[in-house]
Amino acid sequence: MASVRYVAIGDSFTEGVGDELPDGHVRGWADLVAQGWADASGEPVEYANLAIRGKLVWPIVDQQLEPALALKPTHLSFNGGGNDMLRPRTSIARVVQAFEHVLRRCDEEGVHLIVLAGANPSGQLPLSRLIQRRGDLLSDAVASRLRERPDVATAFNWFDRELSTPPYWSEDRLHMNSRGHHRVAARVLTALGMEPPAEWWSLPPLPAGAPRGFAYYREHVGPWVRRRLTGTSSGDGRAAKFGEWTPIVPAAG
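The notes below deal with the structure included here. (Residues numbered from 1 in each chain as written. Predicted model: local features only at pLDDT ≥ 70, side-chain atom pairs only at ≥ 80, totals over all residues. Heavy atoms only, no water.)

**Examining the overall build of the protein**
Looking only at helices and strands, the protein features 8 helices and 6 strands. Secondary structure of the protein in N-to-C order comes out as β-α-α-β-α-β-α-α-β-α-β-α-α-β. Put simply, the protein has 253 residues, and 51% of those count as buried. Counting only contacts in the protein whose residues sit at least 6 apart along the sequence, the fraction spanning at least 24 positions is 75%. Here the protein displays about 12,300 Å² of accessible surface, and carbon together with sulfur accounts for 55% of that area. (Helix = DSSP H or I, 4+ residues; strand = E, 2+ residues; numbered from the N terminus. Buried < 20%, exposed > 50% of the residue type's maximum accessible area, 1.4 Å probe, protein only. Contact = heavy atoms within 4.5 Å. Areas by Shrake-Rupley, 256 points an atom, 1.4 Å probe, with all protein chains shown as cover.)

**Description of the sheet that holds strand β5 (residues 153-156)**
Strand order in this open sheet of 6 strands is β5-β4-β3-β1-β2-β6, and the pairing throughout is mixed. Here the strands that pair on one side only, and so sit at the sheet edges, are β5 and β6 (242-248). Each strand axis lies, on average, 15 degrees off the axis of its neighbour in the sheet, ignoring direction. Where strand β1 (residues 5-9) meets strand β2 (residues 45-49), 4 bridges bridge the pair, whose relative direction is parallel. When the bridges of β2 are listed, Tyr6 appears paired with Tyr47. (Pairing = 2+ DSSP bridges. Axes fitted to C-alpha atoms, helices over the stretch in contact; angles between N-to-C directions.)

**Here we look at empty space enclosed by the protein**
Counted according to the given criterion, the structure contains 1 cavity of 30 Å³ or more. Counted as a void, the largest cavity has a volume near 60 Å³. In this structure, the largest cavity is lined by Val96, Phe99, Glu100, Leu103, Leu113, Val115, Val142, Arg145 and Leu146. Of all the secondary structure elements, the ones that give two or more residues to the lining of the largest cavity are α5 (92-109), β4 (112-117) and α6 (128-145). In terms of residues, the lining of the largest cavity owes the most to one element, α5, which gives 4 residues. Residue composition of the lining of the largest cavity, by class: 7 nonpolar, no polar and 2 charged. (1 Å grid on protein atoms, 1.4 Å probe; cavity = no way out; pocket = protein on both sides within 12 Å on 5 of 7 lines; lining within 4 Å. Points joined across faces, edges and corners; volume = space filled by probe spheres on them. Nonpolar A, V, L, I, M, F, W, Y, C, P; charged D, E, K, R; others polar.)

**Notes on the side chain of Ser139**
With respect to the helices, strands and loops of the structure, Ser139 is situated in helix α6. Since its relative accessible area comes to 5%, Ser139 is described here as buried. Ignoring sequence-local partners within four residues, the contact set of Ser139 consists of Ala117, Trp158 and Phe159.

**With respect to the pattern of salt bridges**
Tallying each qualifying case throughout the model produces 12 salt bridges. A salt bridge links Arg149 to Asp151; the nearest nitrogen and oxygen atoms lie 2.7 Å apart. Sharing partners across several salt bridges, the network here consists of Glu66, Arg105, Glu108 and Glu109. (Salt bridge = Lys/Arg side-chain N within 4 Å of Asp/Glu carboxyl O.)

**Overview of the nonpolar core**
Formed by 30 residues in total, the largest nonpolar core has its most connected members in Tyr6, Trp29 and Trp37. Listed by contribution, the elements that provide at least two residues to this core are β1, α2 (29-41), β2, β4, β5 and α7 (178-191). Element by element, the count of residues in this core is highest for α2, at 7 residues. Core analysis: the second largest hydrophobic core is formed by 29 residues, Ala48, Phe78, Leu113 and Val142 among them. (Core = buried A, V, L, I, M, F, W, Y, C linked by side-chain atoms within 4.5 Å.)

**Describing the pairing of β1**
The buried fraction of β1 amounts to 5 of the 5 residues, a majority that puts the element mostly inside the structure. On β1, burial covers both faces: Arg5, Val7 and Ile9 on one face and Tyr6 and Ala8 on the other are all buried. Alignment of β1 against strand β3 (residues 75-78), held across 4 bridges, turns out to be parallel. By the bridge assignment, Ala8 is partnered in β3 with Ser77.

**Overview of the side chain of Ser170**
Its place among the elements puts Ser170 in the loop between β5 and α7. Reaching out from Ser170, the side chain makes a polar contact with the backbone oxygen of His175 at a distance of 2.7 Å. If we ignore the near neighbours within four places in the chain, the residues touching Ser170 are Gly18, His175, Met176 and Asn177. (Polar contact = N/O pair within 3.5 Å; in protein donor to acceptor, adjacent residues only side chain to side chain.)

Below, the structure written as structure tokens:
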């Protein structure tokens, strides 16, 4: 059995949406962290990712946390609340309670917790001021809660101004592109005491081509509004991409 067994739970941020590979599969920062961890340690890492796009924070906790802990991981990463922030009646206190619950259960099971704050897309979205304010409140509250817990690895991406700029985001402006996911992975590996590949912090910009004006609203905002009106989610019917342990071996080099 590998000495590191890492499981990730969360929403589209952790699933890896926006970092699509040529075969159509999504990769994302958590996959990159697992590979970077194996490369840095020179040993295989067991990796699972139960994240499902579109999930609110408490459904993440209710549906993913206990199955993740049942895998008997050594490390668990958690992020949530991004989808909650897009809803007008979000209770910041209730979102923070989800983080506290995950912390308590990881303490009880002896699992090392990795907490992430999502990246900040607010500058390029409708209702940007509302999203910025709520994201600030949530990130500050979680950071304050963990200030006395140096044993918890933290990667607070919300405060990274460089990461919030358009070159790190996909066409929908809500999910990071490959460049953004690599920057987050670099921050997580650094929080874990490892040296990520230096280029991950700022890969070359990707070609521009995002839709503008009405085209953007038709292609990206409209479908999101329809899901809200119909009570559906982009994650409905989706299964976790790595629901069981997957061995990640060091890259040949």
